[in-house]
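If you want the building blocks of each chain, they are given just below.
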Amino acid sequence: MQPIGVLDSGVGGLSVLKCLHQMLPHEDFIYVGDTARTPYGTRSEQEIRGFVGEIIDWLAEKNVKQVVIACNTLTMLSTPAFLKCLV
């Protein structure tokens, strides 16, 4: 069974993880809270793209079946151009 990845720039996404656990109790999750580089809100879009690319690559190595974005900054940057760099 492949896990679901949950990505946040810190620990605020733990509330999202809690809800996911309640809604999907039989799923496994990998939570990545990038506390070493938080806050993302003060970073450039290019720098954030680099961080997210690294994390997505790592999650892909863990064979996740899906990634949930639990970060407001990443949600705001989720334009087609931003998402292209993650594919």
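Residues numbered from 1 in each chain as written. Predicted model: local features only at pLDDT ≥ 70, side-chain atom pairs only at ≥ 80, totals over all residues. Heavy atoms only, no water.

## Topic: the overall build of the protein
Argument step 1. Looking only at helices and strands, one finds four helices and three strands in the protein.
Argument step 2. Moving toward the C terminus, one meets the helices and strands of the protein in the order β-α-β-α-β-α-α.
Argument step 3. By sequence separation, contacts in the protein at least 24 residues apart represent 71% of the contacts at least 6 residues apart. (Helix = DSSP H or I, 4+ residues; strand = E, 2+ residues; numbered from the N terminus. Contact = heavy atoms within 4.5 Å.)

## A few points about the nonpolar core
Argument step 1. One finds Leu7, Tyr40, Val52 and Leu74 to be the most contacted residues of the largest nonpolar core, which totals 14 residues.
Argument step 2. Those elements that provide at least two residues to this core are strand E2 (29-33) and helix H2 (45-61).
Argument step 3. For this core, the leading source of residues is H2, giving six residues.
Argument step 4. Not counting the four nearest positions on each side in its chain, tyrosine 40 is found in contact with Ser9, Asp34, Ile48, Phe51, Val52, Ile55, Cys71, Thr73 and Leu74.
Argument step 5. In terms of nonpolar packing, the next biggest core, distinct from the first, is built from six residues, Ile4, Leu17, Leu20 and Phe29 among them. (Core = buried A, V, L, I, M, F, W, Y, C linked by side-chain atoms within 4.5 Å. Buried < 20%, exposed > 50% of the residue type's maximum accessible area, 1.4 Å probe, protein only.)

## A word on the sheet that holds E2
Argument step 1. Reading across from one edge, E2-E1-E3 is the order of the three strands in this open sheet, with parallel pairing throughout. Edge strands, defined here as strands with exactly one partner in the open sheet, are E2 and strand E3 (66-69). In this sheet, neighbouring strand axes are inclined to one another by 20 degrees on average, regardless of whether the strands run parallel or antiparallel.
Argument step 2. Examined bridge by bridge, strand E1 (residues 4-8) and E3 share four bridges and lie parallel to one another. Across the sheet, the residue bridging to glycine 5 is valine 67, located in E3.
Argument step 3. On top of the sheet, helix H1 (residues 14-23) reaches E1, E2 and E3; it is set at about 170 degrees to E2, its chief contact.
Argument step 4. Docked against the sheet, H2 engages E1, E2 and E3, running at close to 160 degrees with respect to E2. (Pairing = 2+ DSSP bridges. Axes fitted to C-alpha atoms, helices over the stretch in contact; angles between N-to-C directions.)

## What about the side chain of aspartate 8?
Argument step 1. Counting through the fold element by element, aspartate 8 comes out in strand E1.
Argument step 2. One buried charged residue, aspartate 8, forms no salt bridge at all, with the nearest opposite charge on arginine 37 at 12 Å.
Argument step 3. The residues contacting aspartate 8, other than those within four sequence positions of it, are Gly13, Tyr31, Val32, Gly33, Asp34, Ala70 and Cys71. (Lys, Arg positive; Asp, Glu negative; His and termini not counted. Salt bridge = Lys/Arg side-chain N within 4 Å of Asp/Glu carboxyl O.)

## Quick word on the pairing of E2
Argument step 1. Relative to E2, E1 runs parallel, the two being bridged by five bridges. Along E2, the bridge assignment pairs glycine 5 with isoleucine 30.
Argument step 2. Regarding the hand of the β-α-β motif, the stretch spanning E1, H1 and E2 is right-handed. (Right-handed = clockwise from strand over helix to strand, strands pointing away.)

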